[in-house]
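Given next are the chains, with one letter for each unit.
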Amino acid sequence: MATLKQEIYAILKATELPVAYAHSDISQLPRFSYSLIYNSELRLSGQTHSKKPSYQIDYFSNTPIDVEDFKLFDTVKNNLRIRNIAVKNWQEGVTYDEETDTSLFHYYLECEK
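What comes next is a walk through the structure. Predicted, not measured: the structure shown is a model, and the values here were computed from it.

Attention shifts here to the overall build of the protein. On a plain count of helices and strands, the protein comes out with two helices and six strands. Reading the protein from its N end, one meets helices and strands in the order α-β-β-β-α-β-β-β. Each principal axis of the C-alpha atoms in the protein carries an extent, and together these give about 55 × 30 × 25 Å. Restricting to contacts in the protein with at least 6 residues of sequence separation, those with at least 24 account for 50%. By element, 47% of the accessible surface of the protein is carried by carbon and sulfur atoms, the whole surface being about 7,500 Å². If the 12 positive side-chain charges of the protein are averaged to one point and the 16 negative ones to another, these points end up 14 Å apart.

What follows is the structure, given as C-alpha cells:
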C-alpha cells in the first residue's frame, strides 16, 4: 500500500510539470511542490493506533490562475479524491518583486488521508 506522500507524488508527476518535495532549486514555471505540514498520531494505552499526516501541495506560476476554472487544479483534486484523500480548497498568495517588476503566483491546497 502506497503512503500518502507516494500517492501525491504519483498524481503530480502525471501532470508532466516539474515536481519537487519541499523547497527546491527548480526555477521552471509553472511547477508543483509538496511537503508535510502536520503529522498527528492517535495513541491509546501506549499503542499507536493511527497516523494522520497532512500535506500541502503548491503550484507556482508567473501568471494568475482562475481557481474556479483551471482544469489542471480540478484534475489534481479529483485524482486525490478518487484515492480517498480529503482535500481543502485552493488558496492563492502573490509575491511581488519590485526590482524586477514581476509577480510570483503561489497556489496551495491541503490534503490528508
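A separate point is helix α2 (residues 71-82). Spanning 12 residues, α2 covers 16 Å between terminal C-alpha atoms, matching the ideal 16 Å at 1.5 Å per step. Taken together, the buried positions of α2 are L72, F73, V76, K77 and L80. Considered in projection along α2, the buried side chains sweep an arc of 135° and stay on one side of the axis. Among the exposed residues of α2, those oriented more than 90 degrees off its buried face are K71 and I82. Trailing α2 by a residue or two, N84 shows a phi angle of about 60°, which is positive.

Another point: a negative patch on the surface. A cluster of acidic side chains, namely D97, E98, E99 and D101, defines a negative patch on the protein surface. Structurally, the position occupied by D97 is in strand β5 (residues 91-97). According to the relative accessible area criterion, D97 is partly exposed, its value standing at 34%.

Further remarks concern helix α1 (residues 4-13). What α1 keeps buried is the set L4, E7, I8, I11 and L12. For α1, the buried positions fall inside an angular range of 130° around the axis, keeping them on one side.

Time to look at the nonpolar core. By size, the foremost hydrophobic cluster in this structure holds 23 residues, and its most contacted members are I8, F32, I57, Y59, L80 and W90. Those elements giving two or more residues to this core turn out to be α1, β2 (31-44), β3 (47-61), α2 and β6 (102-112). Residues contacting I8, with those up to four places away along its chain left out, are Y34, Y55, I57, L80 and C111.

Rules and cut-offs
- Here the residue numbering is sequential within each chain, running from 1 through the sequence in written order.
- pLDDT decides what is reported in this predicted model: residues at 70 or higher carry local features, side-chain atom pairs at 80 or more are listed and counted, and totals for whole chains, interfaces and linings draw on all residues regardless.
- Side-chain figures throughout are based on the complete set of non-hydrogen atoms in the structure, without hydrogens or water.
- Helix and strand assignments come from DSSP, with helices taken as H or I runs of at least 4 residues and strands as E runs of at least 2, each series counted from the N terminus.
- It only takes one pair of heavy atoms within 4.5 Å for two residues to be counted as in contact.
- Here the open area of atoms and residues is found with the Shrake-Rupley method and a 1.4 Å probe, where only the protein chains shown may cover a residue.
- Positive charges come from Lys and Arg alone, negative charges from Asp and Glu alone, with His and the N- and C-terminal ends not counted.
- Where a charge lies is defined by one atom per residue type, namely NZ (Lys), CZ (Arg), CG (Asp) and CD (Glu).
- The length a helix should cover is 1.5 Å for every residue beyond the first.
- Exposure is judged per residue with a 1.4 Å probe applied to protein chains only, and the accessible area is read against the type maximum: over 50% gives exposed, under 20% gives buried, and values in between give partly exposed.
- The arc refers to the directions leading from the helix axis to the C-beta atoms.
- Each patch is built from residues that are more than 30% exposed by relative accessible area and take part in no salt bridge. Like charges join if they lie within 9 Å; nonpolar side chains (Val, Leu, Ile, Met, Phe, Trp, Tyr) join within 5 Å.
- Salt bridge, as applied in this entry: a Lys or Arg side-chain nitrogen positioned within 4 Å of an Asp or Glu carboxyl oxygen.
- The nonpolar core is taken to be a set of buried Ala, Val, Leu, Ile, Met, Phe, Trp, Tyr and Cys residues, with the residues joined through side-chain atoms within 4.5 Å.

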